Amino acid sequence: MVGQSSQIGPPGTASDVPAANVSALLGLGALWAETRGDPAICVAVLDGTVDRSHPCFAGAALTQIETLASADAGDGPASHHGTHIASIIFGQPGSGIEGVAPACSGTIVPVFANGPKNALIMCSQLDLARAILQAVEHGAHVINISGGQLSSTGEAEPLLAKAIQTCAERNVLLVAAAGNDGCDCLHLPAALDTVLSVGAMDAQGAPLDISNWGQAYQSQGILAPGLNIRGAVPGGGAGVKSGTSFATALVSGVAALLLSVQRKRGEKPDPHAVRMALINSATPCNLTQATDSRRCLSGRLNPKGALNLIIEGGTTMSATTLVEPSEATTVAPTETPVVEPATPIAALQAQASTAAVFASEAAPPASAGIVPSAPASSSRGVAPSDCGCGGGAICTCGSNKAAQLVYALGKIGYDFGTEARRDSFAQAMPGSANPHDPVQMAAYIAENPFEAES
């Protein structure tokens, strides 16, 4: 069932958007009484570039890692999204944009880039995998991914699956957006085991029409406020945006506070214990008679309840999770191999780097372009999970998206991106099969569906 369109307020600026009371919005009173964050707790934000010169970040402990998508924060959509997300977590008290965990440290890992004509360049699963490993290498306790790729299978490319497994083994919490398609559908990486998935709700606790749900989210997903969330705008000022992207950032901030509480109590920070505390403390959401109960995922974010579980349960809860990690769009097939604990992160980063396929919207150049995505399983890019309409009057997510007709001229083909990838197909295909022959390639993919994404 596809949800109805949701009404979003008008675009905001520093002068016409009232300051959001984050504490009241999330019920942070008890948590903030304990801590505003610990500098030893690090949250990595995998998003667009962040305008760290914005006044709300004055005094924040933020560093940026160099990536293929790194650039100066401009006025493009990637920078707007990344700056907004970072401010929700790290906005300093008294700045007008108060973040959830302002005293925690932040690592910015750009994965989305500003493209020509105000376009947003998405990233591939392989690029996302490399960024996750970079965040782990730089000591992240929590990794925020306010984006995803729509998937028909819920399975990731091997390198992304390995990166998620590395997070599980290193006890790093990955928080990811459930997506904004308004349907019973899954996004990657949110649908993967050990990820904490986040859907969006309004201030009254009712699921937003645009927020995705799905079987995987029922046991590992929670709802958080995602309607008209205030954040920073590059160059100064503030605005409001809606979507699971911003709900995800709020949950990452709460997770960072809970880890800070553990340190305050003299305990070792346990991100997996925090994940279970957030899931197990979730409360029922507000449903109308006609609303599908599955849209609630496992319930609403309950910071006070999670705090009580952390205080009462210490750090022993994580044993249960170790067995088990939007404008939006996504895909994924292939097997999900487990990374051996001894596998060096540097080796996985090198694999992700050499295996990545880049393509901009116009043509496949050598730039840090990212594969554009399309609906459902035909999409190939990881995109931000904001609503795509900022604070516009009518949200363009989910079923309210306007249909776009595309007329293709010429013959549609396929490209391997690199000679190495082409050669890998040539070696894997039986006999003297030609990977450039669509008929032979189709036959091979039919027999080996896990190779389709490659």
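See the structure shown above.
The structure contained in this document is the topic of the report that follows. (Residues numbered from 1 in each chain as written. Predicted model: local features only at pLDDT ≥ 70, side-chain atom pairs only at ≥ 80, totals over all residues. Heavy atoms only, no water.)

Some details on the packing of aromatic side chains
Next up, step 1: Evaluation of the coordinates by the stated rule reveals three aromatic pairs.
Next up, step 2: Between Y414 and F416, the aromatic rings sit 5.7 Å apart at their centres with planes inclined by 90 degrees, giving edge-to-face as the arrangement.
Next up, step 3: Residue classification places F416 among the buried residues on the basis of a relative accessible area of 7%.
Next up, step 4: Ring centres of F425 and Y444 lie 6.2 Å apart, and the angle between their planes is 80 degrees; this geometry places the pair in the edge-to-face category. You can see F425 sitting in helix 11 (residues 419-428) and its partner Y444 sitting in helix 12 (residues 438-447), a full 19 residues away along the chain. For the residue pair F425 and Y444, the accessibility class agrees, reading buried in each case.
Next up, step 5: Pairwise contacts between aromatic rings join Y414, F416, F425 and Y444 into one cluster.
Next up, step 6: The ring of W32 has R36 sitting right over it, with the charged end atom 3.7 Å from the ring centre. (Phe/Tyr/Trp six-rings, centres within 6.5 Å; stacked < 30°, edge-to-face > 60°. Buried < 20%, exposed > 50% of the residue type's maximum accessible area, 1.4 Å probe, protein only. Helix = DSSP H or I, 4+ residues; strand = E, 2+ residues; numbered from the N terminus. Lys NZ or Arg CZ within 6 Å of the ring centre and 35° of its normal.)

Comments concerning the sheet that holds strand 3 (residues 105-110)
Next up, step 1: Ordered by their spatial adjacency, seven strands build an open sheet running 2-3-1-6-8-10-11, and the pairing between neighbours is parallel. In this open sheet, the two strands that pair with only one neighbour each are strand 2 (62-64) and strand 11 (221-225). Taken pair by pair, the neighbouring strands of this sheet meet at an average axis angle of 25 degrees, ignoring direction.
Next up, step 2: Of the pairings in the sheet, the one linking strand 8 (residues 173-177) to strand 10 (residues 196-201) comprises three bridges and is parallel in character. Across the sheet, residue A176 finds its bridge partner in strand 10, namely S197.
Next up, step 3: Contacting strand 1 (42-47), strand 2, strand 3 and strand 6 (142-145), helix 3 (residues 77-90) crosses the sheet at an angle of about 160 degrees to strand 1. (Pairing = 2+ DSSP bridges. Axes fitted to C-alpha atoms, helices over the stretch in contact; angles between N-to-C directions. Contact = heavy atoms within 4.5 Å.)

Note that all results are geometric; they support no functional claim without further evidence.
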